[in-house]
Amino acid sequence: MLNKELASVCGLFCASCGVFYATQEKDFIKLQEIAKKLDIPFDKVNCYGCRSNEKIGSCVNCFIAKCAEEKGVEFCIDCDTYPCGELKEFQKKMPHRKNMWKSLARIKEVGWEKWFVEMFDYYTCQKCNTMNGAYNIECRKCGNSPGNDFVKENML
Ligand SMILES: [Zn+2]
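Rules behind the numbers
- Residues numbered from 1 in each chain as written.
- Predicted model: local features only at pLDDT ≥ 70, side-chain atom pairs only at ≥ 80, totals over all residues.
- Domains from an automatic or database assignment.
- Contact = placed C-beta atoms within 7 Å.
- Helix = DSSP H or I, 4+ residues; strand = E, 2+ residues; numbered from the N terminus.
- Nonpolar A, V, L, I, M, F, W, Y, C, P; charged D, E, K, R; others polar.
- Axes fitted to C-alpha atoms, helices over the stretch in contact; angles between N-to-C directions.
- Parallel < 35°, antiparallel > 145°, perpendicular 65-115°, else oblique.
- Buried ≥ 20, exposed ≤ 12 C-beta atoms within 10 Å, placed from the backbone.
- Core = buried A, V, L, I, M, F, W, Y, C linked by C-beta atoms within 7 Å.

Engineer: Help me out: how do you make sense of the domain arrangement of the protein in this one?
Structural biologist: It is common to give the size of an interface as the accessible area that goes away when the parts come together. Along its sequence, the protein is carved into domain 1 (4-122) and domain 2 (124-156). Taking only C-alpha atoms into account, the centre of domain 1 sits 19 Å from that of domain 2. If you look at the interface, domain 1 gives 11 residues, while domain 2 gives 10 residues. Ranked by residue count, the leading element in the side of domain 1 that touches domain 2 is helix 7 (residues 112-123), at three residues. The class makeup of the residues in the side of domain 1 that touches domain 2 is six nonpolar, three polar and two charged.

Engineer: What am I meant to see in the packing of helix 6 (residues 100-110) against helix 7 here?
Structural biologist: For any two helices packed against each other, one specifies the crossing angle of their axes together with the interaxial distance. Between helix 6 and helix 7, the shortest axis-to-axis distance is 7 Å and the interhelical angle comes to 130°. As the angle between them shows, helix 6 and helix 7 are arranged oblique. Across the interface between the two elements, S103, R106, I107 and V110 of helix 6 pack against W112, K114 and W115 of helix 7. In the contact of helix 6 with helix 7, the residues fall into four nonpolar, one polar and two charged.

Engineer: Honestly, the environment of C142 in this entry has me stumped. Any pointers?
Structural biologist: Mapped onto the elements, C142 comes out in the loop between helix 7 and helix 8 (149-154). Residue class for C142 comes out partly exposed when judged on the 13 C-beta atoms lying within 10 Å of it. Dropping the residues within four chain positions of it, C142 is found in contact with C125, K127, C128 and T130.

Engineer: In this structure, what is going on with the nonpolar core? I would like to understand it.
Structural biologist: Nonpolar side chains in soluble globular proteins generally cluster together in the buried interior. With 34 residues, the main nonpolar core has F13, C14, A15, V19, F20 and C76 as its most contacted residues. Listing elements by their share of this core, those giving two or more residues are helix 1 (18-24), helix 2 (28-38), helix 6, helix 7 and helix 8. Of all the elements, helix 1 adds the most residues to this core, at four residues. Taken domain by domain, the makeup of this core includes at least three residues from each of domain 1 (4-122) and domain 2 (124-156). Those residues within four positions of F20 in sequence are excluded, and the remaining contacts are C14, A15, C47 and G49.

Engineer: Help me understand unusual backbone geometry, please; the structure alone is not making it clear to me.
Structural biologist: Peptide bonds are mostly trans, and most non-glycine residues show a negative phi. The step from Y82 to P83 runs through a cis peptide bond, and the omega angle for that step is -10°. Checked against the element boundaries, P83 lands in the loop between helix 4 (63-71) and helix 5 (85-93). Residue P146 is bonded to the preceding S145 through a cis peptide linkage, with omega at 0°. Within the element layout of this structure, P146 appears in the loop between helix 7 and helix 8. A positive phi angle, close to 50°, is found at K26, a residue other than glycine. Within the fold, K26 resides in the loop between helix 1 and helix 2. K26 gets classed as exposed once you count the C-beta atoms within 10 Å, which come to 9. The phi angle at D39 is positive, at roughly 55°, despite the residue not being glycine. In this structure, D39 sits in the loop between helix 2 and helix 3 (57-60). Residue class for D39 comes out exposed when judged on the 7 C-beta atoms lying within 10 Å of it.

In structure tokens:
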């Protein structure tokens, strides 16, 4: 279950991203939708996580991952300038980024592995154990609401 490629530099959890699980599940209908929505070719829509060699759309040119690589830090919280203005701007843009600060603090506190296990539980449906995203008000498999604890805390 542990896969560091899915522990993003900025503290987001790639396993709960719709693009990631559509890739894993070979959900071609979903991938086609994503390709269309993001205006990228269908063969470029697969994503295996922040630290993998195959990423999607905006994540390919992510300034955060690039910055961390240049500075030689694994996670943003290890950086001298954390939390920088750019990261603050990035965090504010989308609702699913709400827990980034909490996540990064947790990674620092207990290590990415333990955090990763916690996130797995946090983003799965309590009824059927399907991984859901931050915007799955209802579980995409069994329809249970909320789809995960993130939704429970933030959307209901
Ligand atoms: Zn479910």
